[in-house]
Amino acid sequence: MATVSAASVRFASLKPASRSNQTNGVTSGVKFVTIGTSKLSFPSLRSSRFRVHCAAKPETVNKVIDIVKKQLALSDDTSLTPESKFSSLGADSLDTVEIVMCLEEEFDISVDEDNSQNITTVQEAADLIEKLVLQKAEAA
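Residues numbered from 1 in each chain as written. Predicted model: local features only at pLDDT ≥ 70, side-chain atom pairs only at ≥ 80, totals over all residues. Heavy atoms only, no water.

Per an unreviewed UniProt entry, the protein chain is named Acyl carrier protein, and its organism is Musa balbisiana. According to the UniProt record, the Function (unreviewed entry) comment for the protein chain reads "Carrier of the growing fatty acid chain in fatty acid biosynthesis." On record in UniProt, under Subcellular location (unreviewed entry), the comment for the protein chain is "Plastid, Chloroplast". (UniProt positions renumbered as here; feature names shortened; annotations may be inferred.)

This is the structure we're talking about:
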């Protein structure tokens, strides 16, 4: 869904002889501006609930889940989803740092400190990995 609008603006100047104002014997030129608009409207996406979310590939999410399970010593039957929060799994800040270090090693990326502090869920980690891998490929 999108909003499409088109507008055209045409400036035209008329010669003072064709249109003039006579005030106290002074002739002044009048300039006209023509503005034409044509609008095609579609439902607007302007909403406070609108979020752009680029989901990582399922393979990336699954690798992150495996690494989180390994780092937090969770059993294989522990169910993790992309929305699983590290803190609800019992991870403290040191555990999160270790998870990020393993992710860096597994995906051959480097996560700066600001980004590592913003990772709280499996999905956030997977999305960041996808972004960094793409940036690395573009730089090469």
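Student: I keep staring at the packing of helix 1 (residues 58-71) against helix 2 (residues 93-107) and nothing clicks. Help me out?
Tutor: When two helices pack together, their arrangement is given by the angle between the helix axes and by the axis-to-axis distance. Where helix 1 meets helix 2, the axes come as close as 10 Å, and the angle between the chain directions of the two elements is 135°. The angle between helix 1 and helix 2 places the two elements in the oblique class. Relative to helix 2, helix 1 is oriented so that their crossing is right-handed. Each of Thr60, Lys63, Val64, Ile67, Val68 and Gln71 in helix 1 lies in contact with helix 2, whose residues at this interface are Glu98, Ile99, Cys102, Leu103, Glu106 and Phe107. Here the residues of the contact of helix 1 with helix 2 sort into seven nonpolar, two polar and three charged. (Axes fitted to C-alpha atoms, helices over the stretch in contact; angles between N-to-C directions. Helix = DSSP H or I, 4+ residues; strand = E, 2+ residues; numbered from the N terminus. Parallel < 35°, antiparallel > 145°, perpendicular 65-115°, else oblique. Left-handed = near helix turned anticlockwise from the far one by under 90°. Contact = heavy atoms within 4.5 Å. Nonpolar A, V, L, I, M, F, W, Y, C, P; charged D, E, K, R; others polar.)

Student: Would you mind showing me how to read a nonpolar patch on the surface here?
Tutor: Residues Leu94, Val97 and Met101 make up a contiguous nonpolar surface patch of about 300 Å² in total accessible area. Note that Val97 resides in helix 2. (Patch = residues over 30% accessible without salt bridge, like charges linked within 9 Å, V, L, I, M, F, W, Y side chains within 5 Å. Areas by Shrake-Rupley, 256 points an atom, 1.4 Å probe, with all protein chains shown as cover. Salt bridge = Lys/Arg side-chain N within 4 Å of Asp/Glu carboxyl O.)

Student: Please clarify how the nonpolar core should be interpreted in this entry.
Tutor: Proteins that are soluble and globular tend to have nonpolar side chains buried together. If you look at the biggest cluster of nonpolar residues, it comprises 23 residues, and the most contacted ones within it are Val64, Val68, Phe86 and Leu103. Elements represented by at least two residues in this core include exactly helix 1, helix 2 and helix 4 (122-139). Here the element with the most residues in this core is helix 4; it accounts for six residues. (Core = buried A, V, L, I, M, F, W, Y, C linked by side-chain atoms within 4.5 Å. Buried < 20%, exposed > 50% of the residue type's maximum accessible area, 1.4 Å probe, protein only.)

Student: Where do I start with the side chain of Thr60 in this structure?
Tutor: In this fold, Thr60 is placed in helix 1. Given the relative accessible area of 7%, Thr60 is considered buried. Not counting residues within four places of it along the chain, the set of residues in contact with Thr60 comprises Phe107, Ala126, Ile129 and Glu130.

Student: Would you mind going over the packing of helix 1 against helix 4 with me for this structure?
Tutor: Taken N-terminus to C-terminus, the directions of helix 1 and helix 4 make an angle of 125°; their axes are 9 Å apart at the nearest point. Taken together, helix 1 and helix 4 sit at an angle that is classed as oblique. Crossing angle aside, the handedness with which helix 1 passes helix 4 is right-handed. Contacts between helix 1 and helix 4 pair Thr60, Val61, Val64 and Ile65 from the former with Val122, Gln123, Ala125, Ala126, Ile129 and Glu130 from the latter.

Student: Please explain the side chain of Lys69 as it appears in this structure.
Tutor: Relative to the elements of secondary structure, Lys69 occurs in helix 1. Despite its burial, Lys69 remains without a salt bridge, the nearest opposite charge being carried by Asp76 at 5.5 Å. In contact with Lys69, other than residues within four places in its own chain, are Leu74, Ser75, Asp76, Thr78 and Leu80. (Lys, Arg positive; Asp, Glu negative; His and termini not counted.)

Student: In this structure, what is going on with the confidence of the model for the protein chain? I would like to understand it.
Tutor: As a general rule, the predicted coordinates of low-pLDDT regions are not to be interpreted in detail. Looking at the protein chain, the pLDDT average stands at 77 and 61% of residues meet or exceed 70. Between residues 1-14, whose pLDDT stays under 50, and residues either more than four places distant or in other chains, the model counts 31 contacts. (pLDDT = per-residue confidence, 0-100.)

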